[in-house]
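Take a look at the letters that make up each chain.
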Amino acid sequence: MPLSKYDIQLDLEQSPGTSHALLVDMVGGNKRVLDVGCDTGYLGEVLSAFGNITSGFEINEETAQEARKNLVRVEVGDLEATDLVSVFGPASFDAVVFGDVLEHLRDPLPTLRQSRALLAPGGSVLISTPNIAHGDVRLALLEGNFRYNSLGILDETHTRFFTRESLVSFIHEAGFTLIELRRTHAPLFGTEIKVDENDFDPMLVERLRADPEATTYQFVVRAVPDDQTHVTSAQALRVDELTAEVARYREIEADVTELRHRLLVSHDQAIGAEAEAGRLRSRNDQLASELGTCGATVHALRQQVAELTRAAEMDPSEQQIKALEERTARLRAELESTQHHISRSDSEITAIKASATWRIGRAVIAPMARIAGRGRQR
């Protein structure tokens, strides 16, 4: 049984877009780092692998013992009741990391505020925290649901929730300026908050999908004391907005590429349908001609039968009657064969005109051909 429900095997190659991977990247290497809420030390171990001298602070002695295997120093205590500056000393770190920690505190502001004194000149704090404005949370609220889970955005131990706006305000109130904002993403209907797309208006779903906040799962930010930087939060947020805009443009580009492919396929299908419709029109004309010929043949045969009947009435000899009967039988057989051919041709014409290709030819291709023809005449 794991010591902690948060303990993981952190593999940066297997999870490049996670909050842990972003934190490691933003910390960089060869720094003095404090991992606040270090748990079993799984994040600190990776930070140390990049040449950082990593210390930790943890509430649980058992998980702290595990963390001490990989961190240079781990202290234990209640984060909201501990003066970290007294424990570790002022200006002791180049980076203080709050990886999914602040949302667990009753009042995280004093904790973040005191971390200013822990930073050496040029140092920064790094924070990852869930986004309560994810679309799945919003949709669940529309259904009247706000259910806690063992992990995730609505972790059962979360007592503070952040949107992008409230996180920026919180950081500023603590005496910091946000200088970098990154995000992890989870698609709508793709989180541990179980909502079903079929339960919602498609227009509402599309509107949410167009909102970057609705698919943001976590915020990962860097902040510096507001007396150490000329970079403003507005500039950092503008970078975040431009990043989201670039992502939307890439999605649009992918959609355009897919649409272009579908148009090319449809064009090829239209060319094939036009050729098939032409063949069917030719066959239809041929059958119509054959029907005309068959009709003339039927008319001629009926006249011959009538003439034979009149001849039999004028010369009723047994031999003449027999000859007339034989000839009449042949004519009737020929008449039946012709009528059968007429019926078969008529059925084929009906089938041609009922086919999708014929309808496409009449509804789309033929009008387009007439328009093209008028254009050439001009």
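Presented here is a report on the structure given in the accompanying data block.

Calculation rules
Residues numbered from 1 in each chain as written. Predicted model: local features only at pLDDT ≥ 70, side-chain atom pairs only at ≥ 80, totals over all residues. Heavy atoms only, no water. Patch = residues over 30% accessible without salt bridge, like charges linked within 9 Å, V, L, I, M, F, W, Y side chains within 5 Å. Areas by Shrake-Rupley, 256 points an atom, 1.4 Å probe, with all protein chains shown as cover. Salt bridge = Lys/Arg side-chain N within 4 Å of Asp/Glu carboxyl O. Helix = DSSP H or I, 4+ residues; strand = E, 2+ residues; numbered from the N terminus. Buried < 20%, exposed > 50% of the residue type's maximum accessible area, 1.4 Å probe, protein only. Axes fitted to C-alpha atoms, helices over the stretch in contact; angles between N-to-C directions. Left-handed = near helix turned anticlockwise from the far one by under 90°. Contact = heavy atoms within 4.5 Å. Nonpolar A, V, L, I, M, F, W, Y, C, P; charged D, E, K, R; others polar. Pairing = 2+ DSSP bridges. 1 Å grid on protein atoms, 1.4 Å probe; cavity = no way out; pocket = protein on both sides within 12 Å on 5 of 7 lines; lining within 4 Å. Points joined across faces, edges and corners; volume = space filled by probe spheres on them. Right-handed = clockwise from strand over helix to strand, strands pointing away. Phe/Tyr/Trp six-rings, centres within 6.5 Å; stacked < 30°, edge-to-face > 60°. Lys NZ or Arg CZ within 6 Å of the ring centre and 35° of its normal.

Quick look at a nonpolar patch on the surface now. A cluster of nonpolar side chains, contributed by Leu141, Phe146 and Tyr148, occupies part of the molecular surface with about 290 Å² of accessible area. Examined against the element boundaries, Tyr148 turns out to sit in the loop between helix H6 (135-142) and helix H7 (164-173). With a relative accessible area of 42%, Tyr148 lands in the partly exposed category.

Before going further, it helps to examine the packing of helix H1 (residues 19-27) against helix H2 (residues 42-49). Their axes nearest at 10 Å, the elements H1 and H2 cross at an angle of 35°. Here the hand of the crossing between H1 and H2 comes out right-handed. Residues His20, Leu23, Val24 and Val27 of H1 touch H2, and the partners they reach there are Tyr42, Leu43, Val46 and Leu47. In terms of residue class, the contact of H1 with H2 is built from 7 nonpolar, 1 polar and no charged.

Quick look at the sheet that holds strand S1 (residues 32-36) now. Judged by pairing direction, the sheet is mixed, and its 7 strands sit side by side in the order S3-S2-S1-S4-S5-S7-S6 without closing on themselves. The open sheet terminates on both sides in strands that have one partner only, identified here as strand S3 (73-76) and strand S6 (176-185). On average, each strand axis in the sheet is tilted by 15° relative to the strand beside it, whichever way the strands run. For S6 and strand S7 (residues 216-225), the ladder comprises 9 bridges, and the chain directions are antiparallel. Bridge pairing in S7 links Arg182 to Val220.

For the rest of this paragraph, the subject is the layout of surface pockets. Roughly 960 Å³ of internal volume is contained in the largest pocket. Along the wall of the largest pocket there are 37 residues; nearest its centre are Tyr6, Tyr42, Gly99, Asp100 and His104. Counting residues per element, the ones that place at least two in the lining of the largest pocket are H1, strand S2 (53-58) and S7. In terms of residue class, the lining of the largest pocket is built from 13 nonpolar, 15 polar and 9 charged.

Within the secondary structure, Phe200 sits in the loop between S6 and helix H8 (202-209). Along the backbone, Phe200 and Leu142 are 58 residues apart, and their C-alpha atoms lie at a distance of 9.4 Å. Those residues in contact with Phe200 that sit more than four places away from it in its chain are Leu139, Glu143, Phe189, Val195 and Val205.

Let's shift gears to the pattern of salt bridges. Tallied over the full model, the rule gives 13 salt bridges. Among the ionic pairs, Arg209 bridges to Glu197, the shortest N-O distance being 3.4 Å. In this pair, Arg209 sits in helix H8 while Glu197 sits in the loop between S6 and H8, placing the two residues 12 residues apart along the sequence. Given a relative accessible area of 36%, Glu197 falls into the partly exposed group. The salt bridge partner of Arg209 is Glu206, with a shortest N-O separation of 3.3 Å. Taken together, the residues span about one helical turn, with Arg209 and Glu206 both in helix H8 at a distance of 3 residues. The partly exposed category is assigned to Arg209, whose relative accessible area is 36%. Judged by its relative accessible area of 49%, Glu206 falls in the partly exposed class. Salt bridges sharing common partners tie together Asp25, Glu180, Arg182 and Arg222.

Here we come to the pairing of strand S4 (residues 93-99). In terms of burial, S4 is a largely internal element, 6 of the 7 residues being buried. Summarising the sheet, S4 and strand S5 (residues 119-130) pair through 6 bridges and their orientation is parallel. By the bridge assignment, Gly99 is partnered in S5 with Ser128. Read as a crossover between parallel neighbours, the route from S4 over helix H5 (residues 108-114) to S5 is right-handed.

The tally for this structure, following the rule as stated, stands at 5 aromatic pairs. Residues Phe88 and Phe93 carry aromatic rings whose centres are separated by 5.6 Å and whose planes lie at 70° to one another, so their mutual orientation is edge-to-face. We classify Phe93 as buried; its relative accessible area is 4%. Aromatic rings pair up to connect Phe146, Tyr148 and Phe161 into one cluster. Across the ring face of Phe176, the terminal group of Arg116 is positioned such that the distance to the ring centre comes to 6.0 Å.

This brings us to empty space enclosed by the protein. Counted according to the given criterion, the structure contains 1 cavity of 30 Å³ or more. What the largest cavity holds in volume is close to 60 Å³. Lining the largest cavity are His20, Asp35, Val36, Gly37, Cys38, Tyr42, Leu43 and Gly99. Contributions of two or more residues to the lining of the largest cavity are made by S1 and H2. Its residues assigned to classes, the lining of the largest cavity comprises 4 nonpolar, 3 polar and 1 charged.

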